[in-house]
Amino acid sequence: MKIGVIGGGAWGTALAQVAARGGAPVLLWAREPDVVASINGANQNAAFLPGVALSPSIRATGSLGALSGCDALLVVAPAQHVRAVLAETAVGATPLVLCAKGIEAGTKLLVGEVAHQVAPRAPIAVLSGPTFAHEVAAGKPTAVTLACEDEDLRTRLAERLAGPAFRLYASGDVTGAEIGGAVKNVLAIACGVVEGAGLGLNARAALIARGFAEMTRFGLARGGQAETLTGLSGLGDLVLTCSSTNSRNFSLGVGLGQGRPAAELLGDRRTVAEGAFTAPVLREAAADAGVDMPVTAAVCALLEGADVRDVVEALLSRPMKAE
Ligand SMILES: NC(=O)C1=CN([C@@H]2O[C@H](COP(=O)(O)OP(=O)(O)OC[C@H]3O[C@@H](n4cnc5c(N)ncnc54)[C@H](O)[C@@H]3O)[C@@H](O)[C@H]2O)C=CC1
Ligand SMILES: O=C(CO)COP(=O)(O)O
């Protein structure tokens, strides 16, 4: 199974490294000519995954058309750009493994739903879990959810992608796997705010637990399964991302918690903090589904410029309720 990767950011590059194990050929599409040149010329992605010696069997291209000979495509562009890149790719019936974590602004669609609109004949899988790219690229032990309704395809993908330190857990719940990854990015911003504002570890633990309750309410309302949400792609990724400044979303929250404006924190960054884009559309999607998501609403308020103290006070003064 020849693997193509759409997206030459940190995660696309780390997954290309996973797929290139044993010298298997991998073709990676990157948007930036300097990334294509760096991978083909020096076997590294100096812009997005510096310090990692990439397998020489990874070749990069700036042409989405070049991916047409691949047997499966890992889709690792940021969620807001998946529609555009897939529209330029001759996907046909090639299986798509979605690795981006987010909800599309405007349409309120999960990435899998977007992919289905653009490439209706392509079978869909989702790969998601607690996976800092640099750790995966360094071969550190990692476990993820691989969700796909087609059991045969799931098995073939798992056999192709799994490795001694990259463990895949099978699921048939594509929606649940997607929702965990999308929502945890928003909650990670909230946990970063707690850190940046010096609110303490009790508050962070409370946010993780209450945030998980939000994720579960929304996930169930959208048809996800509870056991997926408590698994690697939900709770597992939430715990990882809510506890480390290695997370771009958590780091963004730290800045907001320190009182820095969102525009300044998001301006001219080359890497993506998906939660900033997902938060407003998640708030809308939650309202549509009749689901209460106060932590998500608080993150939206902060991104829109509200004062940290006001937002925290509003969260804490909500009426008491049953857990
Ligand atoms: N970095 C990580 O550890 C992990 C990231 N992810 C997810 O993978 C996805 C990609 O993130 P990273 O690889 O970390 O990206 P990154 O932050 O390392 O790099 C940004 C990426 O966005 C791309 N990009 C910017 N504007 C674009 C446009 N108009 N059209 C297409 N692509 C554009 C850039 O080419 C680059 O590949 C995100 O959804 C992220 O949540 C998932 C698991 C781990
Ligand atoms: O999704 C991730 C880890 O699983 C990466 O998190 P950040 O995008 O917040 O860095």
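Reading guide: rules and limits
Residues numbered from 1 in each chain as written. Chains lettered and ligands numbered in written order. Predicted model: local features only at pLDDT ≥ 70, side-chain atom pairs only at ≥ 80, totals over all residues. Helix = DSSP H or I, 4+ residues; strand = E, 2+ residues; numbered from the N terminus. Rg over C-alpha atoms; globule rule 2.2 N^0.38 Å. Buried ≥ 20, exposed ≤ 12 C-beta atoms within 10 Å, placed from the backbone. Contact = placed C-beta atoms within 7 Å. Pairing = 2+ DSSP bridges. Near = placed C-beta within 6 Å. Nonpolar A, V, L, I, M, F, W, Y, C, P; charged D, E, K, R; others polar. Domains from an automatic or database assignment. Right-handed = clockwise from strand over helix to strand, strands pointing away. Axes fitted to C-alpha atoms, helices over the stretch in contact; angles between N-to-C directions. Parallel < 35°, antiparallel > 145°, perpendicular 65-115°, else oblique. Left-handed = near helix turned anticlockwise from the far one by under 90°.

Undergrad: What is the right way to read the overall build of the protein chain from this model?
TA: Helices and strands together make up the secondary structure of the protein chain, namely 15 helices and 8 strands. In terms of overall size, the protein chain behaves like a compact globule, its C-alpha atoms giving a radius of gyration of 19 Å where 323 residues would be expected to give roughly 20 Å. Here the C-alpha coordinates of the protein chain stretch approximately 55 × 35 × 35 Å along the principal axes. Here the protein chain holds 323 residues, and 50% of them are scored as buried. Summarising the internal contacts of the protein chain: among those between residues at least 6 apart in sequence, 68% fall at separations of at least 24.

Undergrad: When you look at the pairing of strand β4 (residues 72–75) in this model, what are you seeing that I'm missing?
TA: The side chains of a regular strand alternate, first on one face of the sheet and then on the other. Across the two faces of β4 the burial is the same, with A72 and L74 and L73 and V75 all buried. Note: strand β1 (residues 3–6) against β4, 4 bridges, orientation parallel. Bridge pairing in β4 places I3 opposite A72. Two elements, β4 and strand β5 (residues 96–98), share 3 bridges in a ladder whose sense is parallel. Directly across from L73, in β5, lies its bridge partner L96.

Undergrad: When you look at the site of ligand 2 in this model, what are you seeing that I'm missing?
TA: Neighbouring ligand 2 are 13 residues, the closest being T131, D237, S247, R248 and N249. Every element with two or more residues in the shell around ligand 2 is listed here: α7 (174–196), α10 (232–241) and α11 (248–257). Here the element with the most residues in the shell around ligand 2 is α10; it accounts for 3 residues. The class makeup of the residues in the shell around ligand 2 is 4 nonpolar, 5 polar and 4 charged. Inspection of the shell around ligand 2 shows a minimum of three residues originating in each of domain 1 (3–172) and domain 2 (175–316).

Undergrad: Teacher, can you tell me more about the site of ligand 1 here?
TA: Around ligand 1 there are 25 residues in total, and G9, W11, H81, A100 and T271 lie nearest to it. If you tally residues by element for the shell around ligand 1, the top one is helix α1 (residues 10–19), at 3 residues. Across the shell around ligand 1, the residue classes break down as 13 nonpolar, 8 polar and 4 charged. Among the domains, domain 1 (3–172) and domain 2 (175–316) are the pair contributing at least three residues each to the shell around ligand 1.

Undergrad: Please explain the domain arrangement of the protein chain as it appears in this structure.
TA: Many analyses report the size of an interface as the accessible area lost when the parts associate. On domain assignment, one finds that the protein chain holds domain 1 (3–172) and domain 2 (175–316). On a C-alpha basis, the centroid separation for the pair domain 1 and domain 2 is 24 Å. Across the boundary between the two partners, domain 1 contributes 24 residues, which contact 24 residues of domain 2. For the side of domain 1 that touches domain 2, the elements supplying multiple residues, two or more each, are α4 (111–118), β6 (124–128), β7 (142–148) and β8 (166–171). Residues that form the side of domain 1 that touches domain 2 fall into these classes: 14 nonpolar, 8 polar and 2 charged.

Undergrad: How should I be thinking about the environment of R160 in this particular structure?
TA: Relative to the helices and strands, R160 resides in helix α6 (residues 151–161). Excluding anything up to four places from it in sequence, R160 contacts M1 and I3.

Undergrad: How should the pairing of β7 be read in this particular structure?
TA: For β7, the tally of buried residues reaches 6 of 7 residues, placing the bulk of the element in the interior. The sheet contact formed by β6 and β7 spans 4 bridges and is antiparallel. Across the sheet, the residue bridging to A125 is C148, located in β7. Handedness of the crossover is the feature at issue here: the chain leaves β7, passes through α6, returns alongside β8, and the resulting connection is right-handed.

Undergrad: Where do I start with the packing of α7 against helix α8 (residues 201–221) in this structure?
TA: The axes of two packed helices give the description: the angle between them and the distance between them. With their axes 9 Å apart at the nearest point, α7 and α8 run at an angle of 155° to one another. Between α7 and α8, the angle falls in the class roughly antiparallel. In the packing of α7 onto α8, the handedness of the crossing is right-handed. Of the residues in α8, those in contact with G176, I179, G180, V183, K184, L187, A190, C191, V194 and E195 of α7 are A203, R204, L207, I208, G211, M215, F218 and G219.

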